[in-house]
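# Fold and contact review
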Amino acid sequence: MKTCRIVFCSVLASVVLAYGGEEGDASLERVKANFVRVLRDTNALVYSEIAKMGGVPPVADSSIRTVAESGGVSEKRVEQLIRAQRADGSWPSVDYATVLRSQWPANEHLKNLKALASARRTPETEQAFHKALGFWLNGRFRNPNWWWNQIGVPLSVGASALLMDDALTPEERAGVVKLMQESRIRMTGQNKVWLAECVLMRALLEGKAPDARAARDAIASEVAMSKTVEGIQADWSFHQHGNMAQFGNYGAAYILSIARFAVIFSGTGLDFPDDKLAILENLLDKGLRRTVWRGSMDIGSVGRQFTENAQRLKGLTPLAASWWLVRTGRPEAVRIFRDCQADLRGERAEVPHVGLTWFPNSAMGMYRTERWMAAVKCETAHIRGTERVNEDNLLGAHLADGALFPYVTGDEYRDIFPLWNWRHIPGTTSYDVDTVDWKSRNRAEDCAADGTTVHFTLDRAGLKAHTRWRFSAEGVDVSVTGVTSTSEHPVVTTVEQSLAQPNAASWREKDGIVAVNGAIRYELPSNAQVRIEERSGSWRRHMGSMPDQRATGRVFEITIPHGVKPSAASCAWRVRPCASRAP
């Protein structure tokens, strides 16, 4: 153990020295050198985890791409890009014609461009880079979604240009600067941070110290406890798009961006002060880290991009962000980094976060033991629970209607989304129909935690129900009461809808039904319906920007029917993680 700690401290010391510097006036060149070093750094831990998943899927959101980029680029991929590149700098595998607001296919060109810029410098990589950059600048590609034109494209092109700064021609530099002039510091939260990052990169490319300082100040201004419904909340959740938790989307992008900037500004005279570093540590440790179990982010925390391996890739956010914060040399950052590694391996962390973590500002929370986790996701009249934006999350209207997701391995729901009945979200009470309802919202305010009990009231589209979750070391006791509807649609409460494991089974006992799936046991009322069935579905059904790719698999589903127009109906069941056993 002593040897391990000595090695760890030696590595940490070398890393801090590499990024540190003399105190004094802000140095534009120092910021630039740090920025380039950050862009080139390779997080071997993240890279190895992504490799286990088979790499990043073709469709992934910005936070996933940020995590992936900290894993580096392989020489094999660079060689493939050079061989496949056309004479005009384009690639035959990239669809430049189709324009989607969310997952823009042409962005593959920018990922290829950055891979070339990040690669070991050779005459071949330089030539391929110049051709690729020229193709994009001359093509003047635009997207109807403002985000791509003002953030997404400038971020990629700016980073690539910084990496190849000494090799840029005057014409290339001017073209990049012109492209990046659309980015102006405005807005709030992560959008403001992204825009400021674009301004900073442009300032570094042009050598404009005042613009660099303004960008740094804008970024630092967002490292603060929010006084509004957006940004870092007092309960350590992160909000964007109004009063809505955004752990896996904007929140993940935020912590990854700001953690990198803590390194970029280190030793330049623009360093973040200790109080801001402490805020980042708390957001990571008391917020994001608690949404991840065994390397998988909770479904209710993911956001709106339910793409391939989304839970696993977004689940790497705490590890990737803490890897950057370690470079500040602060003991708490070092401890968080060690704990994130322990979390991933399923080992006991120094600070394990057992018990109930409730985010009152976000109407969600997680109960954790050393062996399992269960997460609750709700929406109230003033707290939004989910969103559909562009082509993302087309069917997720009921993800926050009182959802309950239990985890033991972390893979209980891995890539289940094309197979889901999106009206049967685990834990929720809903109309048992084929369509989802984005027009209505929950009108009730009731959602709170009391000790280890959480209660929630649903009042949506003529359907009312009250759910109570009682958490303990043994599991979760769930009761749903007051189920009442005025609609002609049948009403159903869904207990579970997860991937069926080899031991999936159910049987009757004198007091009801018992079902098991994987390591989880369910003790159910006698009218519960258990189905274990093969299903198939398309990823495009819920993510319009994804290819029409079919997925197949076995699904384990438990529902409790209430019939048409129930009046004060009720049901109850128990979830017992790590307690599955056959009769």
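Described below are features of the structure shown in this document. Treat the numbers as computed from the prediction; the structure is a model and nothing was measured.

Conventions used here
Counting of residues starts from 1 at the beginning of each chain's written sequence and follows it residue by residue. Per-residue local features of the predicted model are confined to residues with pLDDT of at least 70, and side-chain atom pairs are confined, for both listing and counting, to 80 or more; whole-chain, interface and lining totals are unaffected and use all residues. As a rule here, side-chain values cover all heavy atoms of the structure and leave hydrogens and water aside. Secondary structure counts use DSSP, requiring at least four H or I residues in a row for a helix and at least two E residues in a row for a strand, with both numbered from the N terminus. Per-residue accessibility, obtained with a 1.4 Å probe over protein chains only, is compared with the maximum for each type, and a residue is labelled buried under 20%, exposed over 50%, and partly exposed between these values. In this description, contact between two residues means that some pair of their heavy atoms is separated by no more than 4.5 Å. Computed by Shrake-Rupley with a 1.4 Å probe, the accessible areas treat only the displayed protein chains as cover when residues are assessed. When charges are tallied, Lys and Arg are placed among the positive residues and Asp and Glu among the negative ones, while His and the ends of the chain are skipped. Where a charge lies is defined by one atom per residue type, namely NZ (Lys), CZ (Arg), CG (Asp) and CD (Glu). Note on definitions: salt bridges are taken to be side-chain nitrogens of Lys or Arg within 4 Å of carboxyl oxygens of Asp or Glu. Two rings from Phe, Tyr or Trp (for Trp, the six-membered ring) form a pair when their centres are within 6.5 Å of each other. A pair whose planes differ by under 30 degrees is stacked, one over 60 is edge-to-face, and the rest are tilted. Criterion for a charge above a ring: Arg CZ or Lys NZ at most 6 Å from the ring centre, at most 35 degrees from the ring normal. The pairing criterion is simple: DSSP has to find at least two bridges between the two strands. Every axis corresponds to a line fitted to the C-alpha atoms, with the helix fit spanning only the stretch in contact, and the corresponding angles, defined between N-to-C directions, vary from 0 to 180 degrees.

It is worth spelling out the overall build of the protein chain at this point. A tally of helices and strands in the protein chain yields 17 helices and 20 strands. Dimensions of the protein chain, computed from the C-alpha atoms along their principal axes, are close to 80 × 55 × 40 Å. Counting over 583 residues, the protein chain shows a buried share of 60%. A sequence separation of at least 24 residues applies to 69% of the contacts in the protein chain between residues at least 6 apart. For the protein chain, the accessible area works out to roughly 22,600 Å², and carbon and sulfur atoms hold 51% of it. Between the averaged position of the 72 positive side-chain charges in the protein chain and that of its 66 negative side-chain charges there is a distance of 1 Å.

Take the pattern of salt bridges next. For the structure on display, the rule yields 40 salt bridges. Residue Arg-289 is joined to Asp-285 by a salt bridge in which the shortest nitrogen-to-oxygen separation is 2.7 Å. Classification of Arg-289 by relative accessible area gives buried; the value is 2%. Across the pair Arg-338 and Glu-350 runs a salt bridge whose closest N-O atoms are separated by 3.3 Å. With Arg-338 in helix α17 (residues 331-345) and Glu-350 in the loop between α17 and β5 (355-359), this pair connects stretches of sequence that are 12 residues apart. Note on Glu-350: relative accessible area 54%, which makes it exposed. Each of the salt bridges in this network shares a partner with another, and the network as a whole consists of Asp-285, Arg-289, Glu-332, Arg-335, Asp-339 and Asp-343.

With that out of the way, let us pick up the packing of aromatic side chains. Overall, the coordinates contain 26 aromatic pairs when judged by the stated rule. Seen from their ring centres, Tyr-96 and Phe-135 are 5.1 Å apart, and the 65° between their planes marks the pair as edge-to-face. Highlighted residues: Tyr-96 in the loop between α5 (75-84) and α6 (107-118) and Phe-135 in helix α7 (residues 123-139), separated in sequence by 39 residues. Just as Tyr-96 is buried, Phe-135 falls in that class too. Measuring from ring centre to ring centre gives 5.7 Å for Trp-104 and Trp-148, while their planes differ by 70°; the resulting arrangement is edge-to-face. Note that Trp-104 is positioned in the loop between α5 and α6 and Trp-148 in helix α8 (residues 146-163), a separation of 44 residues in sequence. The same class applies to Trp-104 as to Trp-148, namely buried. Taken together, the ring pairs connect Tyr-96, Trp-104, Phe-135, Trp-136, Phe-141, Trp-147, Trp-148, Trp-194 and Tyr-250 into an aromatic cluster. Across the ring face of Trp-146, the terminal group of Arg-186 is positioned such that the distance to the ring centre comes to 5.3 Å.

Okay, the sheet that holds strand β13 (residues 476-485) next. Judged by pairing direction, the sheet is antiparallel, and its eight strands sit side by side in the order β10-β11-β12-β13-β20-β17-β16-β15 without closing on themselves. Every interior strand has two partners, whereas the edge strands, β10 (447-450) and β15 (505-509), have only one. Averaged over all neighbouring strand pairs, the angle between strand axes comes to 15°, with direction disregarded. The pairing of strand β17 (residues 520-524) with strand β20 (residues 569-577) spans four bridges and is antiparallel. Residue pairing in the sheet places Arg-521 in a bridge with Arg-576 of β20.

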